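Report on the structure
As a plain string of letters, each chain reads:
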Amino acid sequence: MDRYEHFAPFYNALSGEWPVYSAGREAGIRALGLRAGMTVLDLGCGTGLNFPGLLSGIGATGRVIGVDGSPAMLAQARRARGTGVDLVCADLTSPLPGLPRVDAVITTYVLSLIPAWRMVWESVVRPLGRRTRVCIVDMQRPKGAYGLLSPLARAACALGGSDIDAHPWTVVEEECDDVVSASARGGHLQIRAGTLR
Ligand SMILES: C[S@@+](CC[C@H](N)C(=O)[O-])C[C@H]1O[C@@H](n2cnc3c(N)ncnc32)[C@H](O)[C@@H]1O
């Protein structure tokens, strides 16, 4: 997380949001199937780039809870958030006590950064309970024609501290029902959503 403390003021400008990573977050939010009034947990919310899409899905009566371990990233999120967003500073590898009941959880470009990402699933996601809708958006090596961009993708992941071979979305396939799969940017962006059983 340390690198994000230093990178926070420049994250939105330098993280490749356009033309690459916005496609994954948009597909992930769509795959959640949000409805008005839902409460959504955004794990590793960073500067809050998911918030506009989430808020447009849940409307004025819904609520987003953004959790991140970097105070500097949360400071950026605080400046950008609208009404209906609460922010929590916490390490995702430990349980999050005191959360209200949530309907859905999303995590974009976070789990591949955390070597113990299965611990995040076990201590934070799985305890949310049956029927919770879950979406993981993360990165792998691009395929096909986009394979030419593989060195660039690897460099972007290394800069951000991600393990491009972690493939954390596989846990959604293993542990959820009603799984929706999507990919973008030559398979570099992988999106899995499902319902906890
Ligand atoms: C690449 S950024 C992604 C931010 C946001 N989800 C997005 O899509 O733009 C990764 C974020 O994960 C957070 N993070 C990494 N490890 C964490 C941990 N163990 N606990 C909490 N947050 C963590 C970082 O602080 C950073 O804000």
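Residues numbered from 1 in each chain as written. Predicted model: local features only at pLDDT ≥ 70, side-chain atom pairs only at ≥ 80, totals over all residues. Heavy atoms only, no water.

Neighbouring the ligand are 20 residues; Tyr11, Arg25, Gly44, Asp68 and Thr108 lie closest to it. For the ligand, a nitrogen atom lies 3.0 Å from a polar atom in the backbone of glycine 69. One of the side-chain nitrogen or oxygen atoms of threonine 108 is found 2.6 Å away from an oxygen atom of the ligand. When isolated, the ligand has an accessible area of 590 Å², and the protein chains bury 95% of it. Across the shell around the ligand, the residue classes break down as 12 nonpolar, 5 polar and 3 charged. (Near = heavy atom within 4 Å. Polar contact = N/O pair within 3.5 Å; in protein donor to acceptor, adjacent residues only side chain to side chain. Areas by Shrake-Rupley, 256 points an atom, 1.4 Å probe, with all protein chains shown as cover. Nonpolar A, V, L, I, M, F, W, Y, C, P; charged D, E, K, R; others polar.)

A word on the UniProt feature "domain: Methyltransferase" (unreviewed entry) in the protein. According to UniProt, the positions carrying the feature "domain: Methyltransferase" (unreviewed entry) are residues 40-126. Between the end C-alpha atoms of residues 40-126 the distance is 15 Å, and the span holds 31% helix and 23% strand. (UniProt positions renumbered as here; feature names shortened; annotations may be inferred. Helix = DSSP H or I, 4+ residues; strand = E, 2+ residues; numbered from the N terminus.)

Here we come to the environment of alanine 72. Considering the arrangement of structural elements, one finds alanine 72 in helix α5 (residues 71-80). Remark: the alpha-carbon pair of alanine 72 and aspartate 2, spanning 70 residues in sequence, is separated by 9.7 Å. In this structure, alanine 72 is in contact with Tyr4, Glu5 and Ala8, ignoring residues within four places of it in sequence. (Contact = heavy atoms within 4.5 Å.)

It is worth spelling out helix α7 (residues 150-160) at this point. Residues of α7 that are buried include every one of Ser150, Ala153, Cys157 and Gly160, and no others. Buried positions in α7, seen along its axis, are confined to an arc of 95 degrees and lie on one side of it. Facing away from the buried surface of α7 by more than 90 degrees, the exposed residues are Leu152, Ala158 and Leu159. Those residues of α7 that are buried are in contact with α1 (2-7) and β5 (133-139). Following α7 by one or two positions, glycine 161 adopts a phi angle in the positive range, close to 90 degrees. (Buried < 20%, exposed > 50% of the residue type's maximum accessible area, 1.4 Å probe, protein only. Arc of directions from axis to C-beta.)

Moving on: the environment of glycine 194. Relative to the helices and strands, glycine 194 resides in strand β7 (residues 189-196). Separated by 120 residues in the primary sequence, glycine 194 and leucine 74 place their C-alpha atoms 27 Å from one another. What glycine 194 contacts, discounting residues up to four positions off in sequence, is Thr132, Arg133, Val134, Val172, Cys176, Asp177, Asp178 and Val179.

Here the amide bond leading from tryptophan 18 into proline 19 is cis, since omega sits at 15 degrees, within 30 degrees of zero. In this structure, proline 19 sits in helix α3 (residues 17-32). In the Ramachandran plot, arginine 131 falls in the positive-phi region, its phi being about 80 degrees despite a non-glycine side chain. Positionally, arginine 131 belongs in the loop between α6 (117-125) and β5. Unusually for a residue other than glycine, arginine 185 sits at a positive phi of about 55 degrees. On the secondary structure map, arginine 185 appears in the loop between β6 (176-184) and β7. Classification of arginine 185 as partly exposed rests on a relative accessible area of 34%.

Quick look at the side chain of histidine 188 now. Here histidine 188 shows up in the loop between β6 and β7. On the basis of relative accessibility, which here comes to 5%, the residue histidine 188 falls in the buried class. In this structure the side chain of histidine 188 is engaged in a polar contact, spanning 2.8 Å, whose partner is the side chain of tyrosine 21. Looking at histidine 188, its side chain comes within polar contact range of the main-chain oxygen of glutamine 140, at 2.6 Å.

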